[in-house]
Amino acid sequence: MQTRFFKRFCPLALVPLAIAAIVSIANSAPAMAADYTGPLFDAHLHYNDEAWDGKAGPHPPADVLARMKASQVGGILANSRPNAGSLALAGLPQMREAGITVVPFVRLYRNRADYSSWFADETIHTMVLDELARGTPAGPYRGIGEFHLYDSANANGPVAQKLMALAEQRSLVVLAHVDDVAIDLLMAHTPSQGRSMQLIWAHTGIRGAPVERVDALMARYPGLLGELSYRPGLVCENDQLCPAWRALLLKYPDRFVIGSDTWVNQRWQYYESLMQGYRTWLGGLPPDVAQKVAWGNAARLFGLPARGPSGP
């Protein structure tokens, strides 16, 4: 029918060009991909004392468990201020009954004052050693962090240096909220100069490190993983990945994870919508890549089943 239309209203010589234009437009139009439906691993979760202090708070364990179940979250990297929050989740029988694996990290903060001084505070180093020796109801701690460096030069602080070396020596994963300059500085403090260090880069860079810089750091450090909460420039039209970020995830399909970053209570209130946002753009990736980013990369890092609790 389209051919008859163009034969009637277009010069005969232009018919092939007109038909080719229609085909080109159809092929370039973005298809609305179905959302990803598999399990999720939340690789950046806090259960801080303002959410629940062990006795009271707006988000008791039953509330957070229900939100995780509703979002089909099968695993979490728990790190909290203070560490009692992570210990509470790790010891919750209902977590195990729901098939949710808690991977506990030692966080470096007893209170908010520690955010800006931990890297030079020997009592933090002592606290970390004590926590590692004590362990958790879910077994040993698997990592250190999340920690912040508001000035990248503080990556050279004496406690920062000790903890990076300790993490690699004990095969602990680090979760770091830092800029791209601090990544190089932190990696330099490990025995392997970063070649063997497993580090999850919270938000894949604060202040929006350019994609090209992220690419270069991924190439330099084989154990660097990018966590994608709050990442500027990640999502574009139709809530899908921006082209540059989609290309980067396709280049490094084994190097990215997702997280909720429930650092304030508002993030708990919108937990389900945060997870749904991930499902939307994950659906626009090839299925094998989407599964790795959603679950498989974190599962490999922590020794969990590759396909997840709901996998075939």
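Coordinates for the structure precede this section.
Notes on the structure follow. These figures come from a predicted structure and were not determined experimentally.

1. A word on helix H10 (residues 243-251)
Of the positions making up H10, those classed as buried are Trp245, Leu248 and Leu249. Taken end-on, H10 shows its buried residues confined to a sector of 95°, consistent with a single buried face. Among the exposed residues of H10, those oriented more than 90 degrees off its buried face are Pro243 and Lys251. On the buried face of H10, the contacting elements are helix H9 (211-220), strand S8 (256-257), helix H12 (271-282) and helix H13 (287-302).

2. Points about the packing of aromatic side chains
In this structure the tally under the stated criterion is ten aromatic pairs. Note on Tyr47 and Trp268: the rings are 6.1 Å apart at their centroids and 75° apart in plane angle, and the pair reads as edge-to-face. With a gap of 221 residues between them, Tyr47 in the loop between strand S1 (40-45) and helix H3 (61-70) and Trp268 in helix H11 (residues 265-269) connect regions that are remote in the sequence. For Tyr47, a relative accessible area of 0% puts it in the buried group. Of the residues examined, Trp268 reaches a relative accessible area of 0% and is grouped as buried. Considering the side-chain rings of Trp245 and Phe256, the 6.3 Å spacing of their centres and the 75° angle between planes classify their relative orientation as edge-to-face. Of this pair, Trp245 sits in helix H10 while Phe256 sits in strand S8, placing them eleven residues apart in sequence. Judged by relative accessible area, Trp245 falls into the buried class, the value being 2%.

3. A few points about the state of the cysteines
Scanning the model with the defined rule gives one disulfide in all. The disulfide that involves Cys236 links it to Cys242, with 1.9 Å between the sulfurs. As the torsion about the S-S bond is roughly 100°, the Cys236-Cys242 disulfide counts as right-handed. Classification of Cys242 as buried rests on a relative accessible area of 8%.

4. A short note on the pattern of salt bridges
Tallying each qualifying case throughout the model produces 15 salt bridges. The residue Asp63 makes a salt bridge to Arg67 at a minimum N-O spacing of 2.9 Å. Here Arg67 and Asp63 lie together in helix H3, a separation of four residues that amounts to about one turn. On the basis of relative accessibility, which here comes to 15%, the residue Arg67 falls in the buried class. Across the salt bridge formed by Lys251 and Asp215, the nearest N and O atoms sit 3.0 Å from each other. On the criterion of sequence distance, the pair formed by Lys251 in helix H10 and Asp215 in helix H9 is long-range, its members being 36 residues apart. One network of salt bridges, with partners in common, ties together Asp49, Glu50, Arg81 and Arg112.

5. Some points on the side chain of Arg107
Considering the arrangement of structural elements, one finds Arg107 in the loop between strand S3 (101-106) and helix H6 (122-134). Engagement of the side chain of Arg107 in a polar contact is seen with the side chain of Asn79, the distance being 3.4 Å. A polar contact of 3.2 Å, which involves the side chain of Arg107, links it to the backbone oxygen of Glu146. If sequence neighbours within four positions are ignored, Arg107 has contacts with His46, Asn48, Asn79, Ser80, Arg81, Asn83, Tyr115, Met127, Gly145, Glu146 and His148.

6. A few points about helix H8 (residues 180-187)
For an α-helix, the turn length of 3.6 residues means that residues three or four places apart are oriented alike. For H8, the complete set of buried residues consists of Asp180, Ala182, Ile183, Leu186 and Met187. Within H8, the buried residues cover an arc of 150° as seen down the axis, which keeps them to one side. Those residues of H8 that are buried lie in contact with strand S4 (143-148), helix H7 (158-169), strand S5 (173-177), strand S6 (199-201), H9 and strand S7 (224-227). Capping the start of H8, Asp179 holds a side-chain oxygen 3.2 Å from the backbone nitrogen of Val181, two or three residues further along.

7. A closer look at the sheet that holds S1
Taken in spatial order, the eight strands of this open sheet run S1-S2-S3-S4-S5-S6-S7-S8, and their pairing is parallel. The sheet terminates laterally at S1 and S8, the two strands that pair on one side only. With two bridges joining them, S3 and S4 adopt parallel strand pairing. In the sheet register, Val106 faces S4, and the bridge partner there is Ile144.

8. Quick look at the nonpolar core
As a rule of thumb, soluble globular proteins bury nonpolar side chains together. Ranked by internal contacts, the top residues of the largest apolar core, which has 78 residues, are Met68, Trp118, Phe147, Trp281 and Leu282. In terms of residue count, H7 provides more of this core than any other element does, six residues in total. Val103, Leu175, Ala298 and Ala299 belong to the second largest nonpolar core, which has 17 residues in total.

Scoring rules and cut-offs
Residues numbered from 1 in each chain as written. Predicted model: local features only at pLDDT ≥ 70, side-chain atom pairs only at ≥ 80, totals over all residues. Heavy atoms only, no water. Buried < 20%, exposed > 50% of the residue type's maximum accessible area, 1.4 Å probe, protein only. Helix = DSSP H or I, 4+ residues; strand = E, 2+ residues; numbered from the N terminus. Arc of directions from axis to C-beta. Contact = heavy atoms within 4.5 Å. Phe/Tyr/Trp six-rings, centres within 6.5 Å; stacked < 30°, edge-to-face > 60°. Disulfide = S-S within 2.5 Å. Salt bridge = Lys/Arg side-chain N within 4 Å of Asp/Glu carboxyl O. Polar contact = N/O pair within 3.5 Å; in protein donor to acceptor, adjacent residues only side chain to side chain. Pairing = 2+ DSSP bridges. Core = buried A, V, L, I, M, F, W, Y, C linked by side-chain atoms within 4.5 Å.

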